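Summary of the model geometry
As a plain string of letters, each chain reads:
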Amino acid sequence: AAGTMSGTGSEEPQPSEAAEVQQQQAEQDWAAAKAFYENLVTKRPRPPKPQNAITVAVSSRALFNLVEERRIYEEQGVEKYVEYQQNNENVTLKPGPAFYFVKALEHVNARLLELYPDDEERFDIVLMTNNHAQVGVRLIKNINHYGLTIERFCMTGGESPIGYLTAYLTNLYLSADSEKVQEAIKAGIASATMFTANKDVAYSDTQLRVAFDGDAVIFSDESEQIVKEHGLDRFFEHEQLNENKPLAQGPLKGFLEDLGKLQKKFYAKNERLNCPIRTYLVTARSAASSGARVLKTLRSWGLEIDEALFLAGAPKGPILVKIRPHIFFDDQMFHIEGAQKLGTIAAHVPYGIAQKYHKSA
């Protein structure tokens, strides 16, 4: 056998070969799982393959309001917490900050399945929780109570979810735990910490609305660094000089791109006016002095954003009340808090220079 020959160099498969073998194995696993699934009679659409889906991983505290449960966990420890969850298995949980966003993703999926019944390019929502499996029954009961389609569960029993996020090819991770979110961002996964709005407002149930800040969210924090180090005038000058040089990408560029890909699927079926996804750029930049570079960057990426709002330093809260997004991503806690006060569900992206200043504040 070749293995007994000497002097032929390494007998180990090369990394690319190993990856190929792994990929083939994964494909075989999927084929086997698919065949098994297809023999089951069900009206529910099967979860798509992670490489075809836009995977959104949501923690249990982002999906449901678990404030009271969290308090028990922190004050009385894990055993009392698990006991409380088991004793309250039949008590319905209230929606958490990511709940309406998830509902809106599911509405988009329903529309996509009508137009493209055999296509797997749609959202796949994974419940990613470091809860222990014993708490799973309550979570499953609530997911079924609200009629959510969440087939994949990862219950890590206190372990970090990052490895699982990578395995699921996660496109977006939403959690109430800022440390886990920071860990995910460092691992290159688009991620944000969810904050509950301080007021109840009505959200559209026919259109997913996603609002993004620009710098350090869709784009890199290059411009924010200039503002912090050299002031606004130097920043305006820099942006005008570099108007035709695209900004580097930020942590949520990929998710905006995913939304754009799905929008195009609706446009292809002549559904532009009836598209269930709308995107908004809500930036503190001023249009006249630093807006062109942002719009040209999006154009160079081939991305359309439905509405671009340049606020020139005005607070974002009142504009967000008008938009009523299901989620608003920003890198500065100051804007998150302003949005929260007026009833917007905000998600903090811990990326870029603003974090350094925020921590020392």
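The protein chain has the name 5NT1B nucleotidase in an unreviewed UniProt entry, where Atrichornis clamosus is given as its organism.

Remarks on the pattern of salt bridges
Going through the model one piece at a time under the given rule, you end up with 21 salt bridges. Measuring nitrogen to oxygen at the nearest pair gives 2.4 Å for the salt bridge that ties K265 to D119. One end of the pair, K265, is in helix α11 (residues 253-268); the other, D119, is in the loop between α5 (99-115) and β2 (123-129), with 146 residues separating them in the sequence. For D119, a relative accessible area of 26% gives the class partly exposed. Each member of the salt-bridge network shares a partner with another, and the members are D215, E222, E239, R285 and R293.

Let's talk about the nonpolar core
Of all hydrophobic cores here, the largest spans 64 residues; its most connected members are L63, F101, F123, L208, F212, F255 and F329. Summarising the domain contributions, this core has at least three residues from each of domain 1 (50-194) and domain 2 (208-355). Other than its neighbours up to four places away in sequence, L63 contacts V58, P95, G96, A98, F99, V102, L127, I143, L148 and I150. Residues Y280, L311, A339 and A346 belong to the second largest nonpolar core, which totals 11 residues.

Rules behind the numbers
- Residues numbered from 1 in each chain as written.
- Predicted model: local features only at pLDDT ≥ 70, side-chain atom pairs only at ≥ 80, totals over all residues.
- Heavy atoms only, no water.
- Salt bridge = Lys/Arg side-chain N within 4 Å of Asp/Glu carboxyl O.
- Helix = DSSP H or I, 4+ residues; strand = E, 2+ residues; numbered from the N terminus.
- Buried < 20%, exposed > 50% of the residue type's maximum accessible area, 1.4 Å probe, protein only.
- Core = buried A, V, L, I, M, F, W, Y, C linked by side-chain atoms within 4.5 Å.
- Domains from an automatic or database assignment.
- Contact = heavy atoms within 4.5 Å.

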